[in-house]
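Inside the fold
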Amino acid sequence: MTTPIHPSNQDCLSAFLDSPSENARHSLHHSPVSPITRRGANIQRGFPFSPQRNYQRSPQLSIPYSPQRNLQCSPQFQRITPGTPSNRVYSILTEQDHSFGRFVEPVSSHRISETSHSIIRSAPDPLQELYFSAMDSNSYETAIFYAEKMVVLSGSYEDIHKLATAYYQSRQYERTLALLNKERGLSRFFEVRYLAGLCAIALEKWQDALDYLGRSNPFPEEQALMCCERGKVYLKTGNTQNAMQSFKDALHIDLRCVEALELMVQHKLMDEEAEWEFITTLPYEKHCGSHEEFFRSMYTMKIRRFSHISDIEEAQIKAERNFRLQNSVDFLRSKADTLLANSRFSDCLEVCQKIRREDPYYTHSIPTHATCLYELGMKSELYRLAQDLANTLQDDSVTWYTVGLYNLYIKDYAEAKYYFRVALASDKLMEKAWLGSGIASSYLHNYDAAIEEFTTCNELVTSSHLPYMYIGKQYMSLGDMDNALDNLSKSYDMCKTDPFLLVELAVYYINKKDYIGALEYLRKALALSYNRQGPMSQMWEALWCNFGHTYRYLKEYDRAFNCFELAMSYNQNNPDIYTSMGIICHIKNDFGNAILHYQKAFEIGKNKNFIKEFLNKALSHYSKQLSTQQNIPALTPSNRFNIGQVSEPTGDQLEKFVEEEYNVAIGKTNAMDSEFAERSFCDDSSAQMDNIILDD
């Protein structure tokens, strides 16, 4: 059977997690099916690639320091090597004095405050103006030239910091650290420690970065930027708990530190309800004043979970109407993610294409874009997107995730797994790549490897329910129902509003012959999906197929037949649907329609021996019926539903049936469970009813 990665969190992959089988008795639909039958050319790698490549991310720009900071370094943090500070200051060339380098006594404008732990700026002079002009123009080599002369002439800590900043901006990280380590006392200043930490992060020296930034607060008055960078280091070292606390500290210190929130949400460092409570209770009024509503709306739109889609949509409306941000890529990304969560792939693709036109290098929306192309079967477009990314964004994890997704589509599972692992080499916390790699392993029938990859994903992304769900699916494939229930239950405890998970729980209970329990979860899934999941969502096929199996085992044949009719309206090439409909007709002695359904299943199915056995029995029974009755019409597709007791429901009848089922799901109508609850367990005839057909 086939199962996609859940469409929310920009995470929607379709994958075959079980071996294909047309056995109508046991081929229960997991999450939606998406047949992948076409192949295509391989992605041309944009450069000689090795998965061991040492990726280096682009460093962040250093920030201007503030002379109003009153910070003091904790004694244990003296990472920067002591030196001998200069106690002499040289004058700089001015209009009044053209003697370059004349020795003068120290002046107040070139000294370090005895009480402040921020660098006091010198008075403007021609060299400084030239330096700032070069920095503003991104001409860093020119800025280095002027800053080096300023250091030689003054030796002030301020000018040393200017030179170090120019080194950093020109990506000379080792040179920056060497300069900062030369002078005693520089470690007292927030600006210096922060810049040293950025250099260590760029060099991927994580322990050194923590020494510079501090494993906890190195200053009495903590800085949000320091906390955010510390959180990044903890993420790189796999310490997600400390990373989460660092990001939370950054936002409590300064709510406007958007990057801290982005990283916390992106890597799902908090469970769903804790994340919602944290974001909605931030001190917006205290930090943002009259801009409170703006930040509240923008931060609400960053949530990527299932339970609060209505709140997210309300925030999107405010951002569009009140703040006119409808063309912002962040707004469009939030809108695309919401559409994807509701499986509205065509609408989502339009938004993603608009983002790509506005900013082709905006990487946050690329996984969502690739997912839409995958789900819509747009193989050529997915190939072009993957090739374009391989040529332009070679060092980004989303590139190789997209290439892996393309290979998954063309069923080159080994290659897909390889590229998902390449993406993980760049970002080991990328949940989508872990899930994709695990699904590729299950495609290769390596279920143990799949379980191991999903488990690793769960250890790294501790607040996501998806790894537990996929582990449970693998155990069901292996027939280990106890472990399957244990993992599915853990997933359900973390997220009770994912309809795909609810379908998986229903499949478990159908396998355990607890049909009332299966109906409970199927109805919950229907209640969540009814007004949200788009018409192209593969949720509908899986949902109605499993409704059909459940009602069939409960001998509610008319309701089961309606469910299979609904499933067939979403996928007319599923042999399981035709086999199940044939079984219902066969049980009701409508041998003519049973034969027609079996024939269709035989044409498109793979398990032909199984279907052939049912077909032969139906032909035998139909032959006996012909010998005992008169005026029985011939079997032709044109009179398909006019030759027996089972009649095809009309569109209006199906629509009414869906509404009835939805009313039962939301509690408007009393369920009929009490009428057949006793059939749910210990009814051998219902559990083995398919075998009745094969008995003479």
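Residues numbered from 1 in each chain as written. Predicted model: local features only at pLDDT ≥ 70, side-chain atom pairs only at ≥ 80, totals over all residues. Heavy atoms only, no water.

1. Some remarks on the overall build of the protein chain
Regarding its fold elements, the protein chain presents 34 helices and four strands. A separation threshold of at least 6 residues defines the contact pool for the protein chain, and within that pool the share at least 24 residues apart is 67%. Accessible area for the protein chain stands at about 29600 Å²; split by element, carbon and sulfur atoms hold 47% of it. (Helix = DSSP H or I, 4+ residues; strand = E, 2+ residues; numbered from the N terminus. Contact = heavy atoms within 4.5 Å. Areas by Shrake-Rupley, 256 points an atom, 1.4 Å probe, with all protein chains shown as cover.)

2. A word on the pattern of salt bridges
For the coordinates displayed, the defined rule picks out 24 salt bridges. Among the salt bridges present, the one from R256 reaches D254, with a minimum N-O distance of 3.0 Å. Here R256 falls in the partly exposed class, since its relative accessible area comes to 47%. Put simply, E453 and K417 hold a salt bridge, and the shortest N to O gap is 2.4 Å. On the criterion of sequence distance, the pair formed by E453 in helix α21 (residues 447-460) and K417 in helix α19 (residues 413-426) is long-range, its members being 36 residues apart. If you follow the salt bridges from partner to partner, you end up with E262, K302, R333 and D337 in one network. (Salt bridge = Lys/Arg side-chain N within 4 Å of Asp/Glu carboxyl O. Buried < 20%, exposed > 50% of the residue type's maximum accessible area, 1.4 Å probe, protein only.)

3. Notes on helix α7 (residues 224-236)
Between its terminal C-alpha atoms α7 stretches 19 Å, which fits the 18 Å expected from 13 residues at 1.5 Å a residue. Across the 13 residues that make up α7, a large majority, 11, are buried. Along α7, the residues that are buried comprise A224, M226, C227, C228, E229, R230, G231, K232, V233, Y234 and L235. G238 lies just past α7 and shows a positive phi near 80°. (Expected span 1.5 Å × (residues − 1).)

4. A closer look at the nonpolar core
Ranked by size, the top nonpolar core spans 195 residues in total, and within it F247, M264, Y299, L543, W544 and F547 carry the most contacts. Ignoring sequence-local partners within four residues, the contact set of L543 consists of V503, L522, A525 and L526. (Core = buried A, V, L, I, M, F, W, Y, C linked by side-chain atoms within 4.5 Å.)

5. Re the environment of E229
In this fold, E229 is placed in helix α7. E229 sits 35 residues away from Y194 along the chain, and the two C-alpha atoms are 8.5 Å apart.

6. Side note on the confidence of the model for the protein chain
On average, residues of the protein chain score 79 in pLDDT, and 74% of them reach the 70 mark or higher. Model confidence for the protein chain, summarised as mean pLDDT per element, is weakest for strand β4 (residues 103-104) at 26 and strongest for helix α18 (residues 397-409) at 97. Throughout residues 1-27 the model reports pLDDT below 50, and contacts reaching past four residues in sequence, or to other chains, amount to 147 contacts. Predicted confidence is poor over residues 638-646, with pLDDT under 50, and the contacts of this stretch with residues over four places away or in other chains come to 33 contacts. (pLDDT = per-residue confidence, 0-100.)

7. Comments concerning the environment of F454
You can see F454 is positioned in helix α21. Counting along the chain gives 14 residues from F454 to Y468, while the straight-line C-alpha distance between them is 7.5 Å. Those residues in contact with F454 that sit more than four places away from it in its chain are W434, L435, G438, I439, P467, Y470, I471 and Q474.

8. A word on the packing of aromatic side chains
For any pair of aromatic rings, the description consists of the separation of the ring centres together with the inter-plane angle of the planes. All told, the structure shown has 27 aromatic pairs when counted by the stated rule. Consider the rings of F145 and Y146, whose centres lie 5.3 Å apart with planes at 80°: the pair is edge-to-face. Ring centres of Y598 and F614 lie 5.7 Å apart, and the angle between their planes is 55°; this geometry places the pair in the tilted category. Of this pair, Y598 sits in helix α29 (residues 591-604) while F614 sits in helix α30 (residues 608-628), and the two are 16 residues apart along the sequence. When sorted by exposure, Y598 lands in the same class as F614, which is buried. Positioned above the aromatic ring of Y492, the side-chain terminus of K496 is 5.3 Å from the ring centre. The ring of Y553 has R552 sitting right over it, with the charged end atom 5.0 Å from the ring centre. (Phe/Tyr/Trp six-rings, centres within 6.5 Å; stacked < 30°, edge-to-face > 60°. Lys NZ or Arg CZ within 6 Å of the ring centre and 35° of its normal.)

9. Looking at unusual backbone geometry
At K513, a residue that is not glycine, the phi angle is positive and equals roughly 65°. Along the chain, the position of K513 falls in the loop between α24 (499-511) and α25 (515-529). For K555, which is not glycine, the phi torsion reads 65° and is therefore positive. Here K555 shows up in the loop between α26 (539-553) and α27 (557-570).

10. Quick word on the packing of α19 against helix α20 (residues 431-443)
Any two packed helices are characterised by how steeply their axes cross, that is the angle between the axes, and by the distance between the axes. Put simply, α19 and α20 touch, their axes get as near as 9 Å, and they point 160° apart. In this view, α19 runs roughly antiparallel relative to α20, as classed from their interaxial angle. The handedness of the crossing between α19 and α20 is left-handed. Where α19 abuts α20, its residues Y413, K417, F420, R421, A423 and L424 lie against A433, W434, G436, S437, A440, S441 and Y443. Taken together, the residues of the contact of α19 with α20 break down into eight nonpolar, three polar and two charged. (Axes fitted to C-alpha atoms, helices over the stretch in contact; angles between N-to-C directions. Parallel < 35°, antiparallel > 145°, perpendicular 65-115°, else oblique. Left-handed = near helix turned anticlockwise from the far one by under 90°. Nonpolar A, V, L, I, M, F, W, Y, C, P; charged D, E, K, R; others polar.)

11. With respect to a negative patch on the surface
A grouping of D652, E655, E659 and E660 is seen on the molecular surface, where their side chains present a negatively charged patch. Residue position: D652 is located in helix α31 (residues 651-665). (Patch = residues over 30% accessible without salt bridge, like charges linked within 9 Å, V, L, I, M, F, W, Y side chains within 5 Å. Lys, Arg positive; Asp, Glu negative; His and termini not counted. Charge placed at Lys NZ, Arg CZ, Asp CG, Glu CD.)

12. A word on the environment of D482
Note on placement: D482 falls in helix α23 (residues 481-494). Along the backbone, D482 and G472 are 10 residues apart, and their C-alpha atoms lie at a distance of 9.3 Å.

13. Structural notes on the state of the cysteines
Summed over all chains, the structure comprises zero disulfides. Cysteine C372 shares no disulfide, and the gap to the nearest cysteine sulfur, in C348, comes to 3.2 Å. The class of C372 is buried, set by a relative accessible area of 0%. (Disulfide = S-S within 2.5 Å.)

14. Observations regarding helix α12 (residues 292-300)
Counting along an α-helix, one turn takes 3.6 residues, and residues three or four places apart therefore face a common direction. Every buried residue belonging to α12 is among F295, S297, M298, Y299 and T300, and all of these are buried. In the core, the buried residues of α12 are packed alongside α8 (240-253), α9 (258-266), α10 (272-280), α11 (284-288) and α13 (309-321).

15. Here we look at the packing of helix α28 (residues 575-587) against α30
Taken N-terminus to C-terminus, the directions of α28 and α30 make an angle of 25°; their axes are 11 Å apart at the nearest point. Comparing the axis directions of α28 and α30 gives the class roughly parallel. Regarding α28 and α30, the two cross each other, and that crossing is left-handed. Each of T579, I583 and H586 in α28 lies in contact with α30, whose residues at this interface are F610, I611, F614, K617, A618 and H621. The residue inventory of the contact of α28 with α30, partitioned by class, reads five nonpolar, three polar and one charged.

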